[in-house]
Amino acid sequence: MDYIFNPAPQSFIPIEGSDQAFPVRRIYCVGRNYAEHAREMGHDPDRDPPFFFQKNPNNLLLDNSDFPYPAKTKDVHHEIELVVGLKKGGTDLSLAEAKTCIFGYAVGIDMTRRDLQGEMKKLGRPWEIGKAFEHSAPCTNMVPVETCGLIETGDIWLDVNGERKQSGKIEQMIWNIEETISYLSGLFELAPGDIIMTGTPAGVGAVKQGDLMQGHVEGVGTINCKVV
Ligand code: MN
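Thresholds applied
- Residues numbered from 1 in each chain as written.
- Predicted model: local features only at pLDDT ≥ 70, side-chain atom pairs only at ≥ 80, totals over all residues.
- Heavy atoms only, no water.
- Helix = DSSP H or I, 4+ residues; strand = E, 2+ residues; numbered from the N terminus.
- Buried < 20%, exposed > 50% of the residue type's maximum accessible area, 1.4 Å probe, protein only.
- Areas by Shrake-Rupley, 256 points an atom, 1.4 Å probe, with all protein chains shown as cover.
- Lys, Arg positive; Asp, Glu negative; His and termini not counted.
- Charge placed at Lys NZ, Arg CZ, Asp CG, Glu CD.
- Core = buried A, V, L, I, M, F, W, Y, C linked by side-chain atoms within 4.5 Å.
- Contact = heavy atoms within 4.5 Å.
- Pairing = 2+ DSSP bridges.
- Donors = N, O, S within 2.8 Å, 3.2 Å for Na, K, Ca; no water.
- Polar contact = N/O pair within 3.5 Å; in protein donor to acceptor, adjacent residues only side chain to side chain.
- Salt bridge = Lys/Arg side-chain N within 4 Å of Asp/Glu carboxyl O.

(A) Just the overall build of the protein, in detail. Along its length, the protein carries six helices and 17 strands. Overall, the C-alpha framework of the protein stretches about 45 × 40 × 40 Å when taken along its three principal axes. Going through the 228 residues of the protein one by one, you find that 50% of them count as buried. Here the protein has roughly 10900 Å² of accessible surface; of this, 50% comes from carbon and sulfur atoms. Of the charged side chains in the protein, 22 are positive and 32 negative, and the gap between their average positions amounts to 6 Å.

(B) Fine view of the nonpolar core. By size, the foremost hydrophobic cluster in this structure holds 40 residues, and its most contacted members are Leu 82, Tyr 105 and Ile 181. Those elements giving two or more residues to this core turn out to be strand S3 (27-31), strand S7 (80-86), strand S8 (102-109), strand S12 (155-160), helix H6 (177-187), strand S16 (212-217) and strand S17 (221-226). In this structure Ile 181 touches Leu 86, Leu 93, Ala 98, Ile 102, Leu 190 and Ile 196, once residues within four positions along its chain are discounted. If you look at the next biggest cluster of nonpolar residues, it comprises 17 residues, including Ile 13, Ile 27, Val 83 and Trp 127.

(C) Highlighting the sheet that holds strand S15 (residues 205-206). Reading across the sheet, the three strands line up as S9-S6-S15 and stay open at both edges, with antiparallel pairing between neighbours. Two strands in the sheet have a free side with no partner beyond their single neighbour: strand S9 (112-113) and S15. As defined by bridge partners, strand S6 (residues 76-78) adjoins S9 across two bridges and the pair is classed as antiparallel. Across the sheet, residue His 77 finds its bridge partner in S9, namely Thr 112.

(D) Highlighting the coordination of the manganese ion. Donor atoms from the polypeptide that coordinate the manganese ion comprise Glu 79 (OE), Glu 81 (OE) and Asp 110 (OD), at 2.0 to 2.2 Å from the metal. Of note, the donors binding the manganese ion are all from one chain and are spaced E-x1-E-x28-D. Of the two residues, Glu 79 is situated in the loop between S6 and S7 and Asp 110 in the loop between S8 and S9; the sequence distance between them amounts to 31 residues. The burial state of Glu 79 is the same as that of Asp 110; both residues are buried.

(E) Representation of the side chain of His 216. Residue placement: His 216 occurs in strand S16. Within the structure, His 216 has its side chain in polar contact with the backbone oxygen of Gly 221 (distance 3.1 Å).

(F) Quick look at the pattern of salt bridges. If you walk through the whole model with that rule in mind, you get 12 salt bridges. In this structure, a network of salt bridges that share partners links the residues Lys 55, Glu 79, Asp 110, Arg 114 and Lys 131.

(G) Spatial organisation of the pairing of S7. Where burial is concerned, most of S7 is hidden: seven out of the seven residues are buried. By the alternation rule, side chains of S7 split into Ile 80, Leu 82, Val 84 and Leu 86 and Glu 81, Val 83 and Gly 85, which are all buried. Of the pairings in the sheet, the one linking S7 to strand S14 (residues 195-197) comprises three bridges and is antiparallel in character. Counted as the bridge partner of Val 84 is Ile 196 from S14.

(H) Examining unusual backbone geometry more closely. Its identity as a non-glycine residue notwithstanding, Asn 64 has a phi of 65°, on the positive side. As for its placement among the helices and strands, Asn 64 is situated in the loop between strand S5 (60-62) and S6. Residue Asn 64 is classed as exposed on the basis of its relative accessible area, which comes to 58%. Non-glycine residue Asn 161 carries a positive phi angle of around 50°. On the secondary structure map, Asn 161 appears in the loop between S12 and strand S13 (163-169).

Just geometry here; none of it tells us what the structure is for.
If you want it as structure tokens, here you go:
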């Protein structure tokens, strides 16, 4: 059967040190996965089950690309996050199975129209307009687990114009990576190409045009992204 117009191009993340790419199927995001960030957003960081939202695969912005300041907002926040790419999926995965699904890691920023997200929270409405807008997922190349090993500890930080804004440790996640994959696989059928943005440490804040965001996850890499 012929399509009536050309299908949208496949979203992908280049693989570091390779001319291959990781084709992206879905982008899952974990809400509130670091206690200090939960507190700064006015929540109790107890061990409630994780919760999730999604961005669209074509919201990805590849590394060293500029982030265009989005429409209808006056409060765009950075959230530095460790991104996990899956090479395998399934449903109801055990923790041990979850670990074997990891293809690799990238460094991402969950850009957020905080003012719009806040209004939606207040009204009990979905978060898409705050989270899943164009270019809202800047992301580095992906580093395969064979290269970097399993990322379970290490520093995660973000600077704006050279000033440290966010800083945390991967081991401070309330739900670690295999727990997150396992839990998510109870809600959705995971598949190769799914990526998970695993939540942000404390220190989120607004950016403006001209700002340079530089974010890092130890053992994975550094993202550079200018707001234009
Ligand atoms: Mn986030």
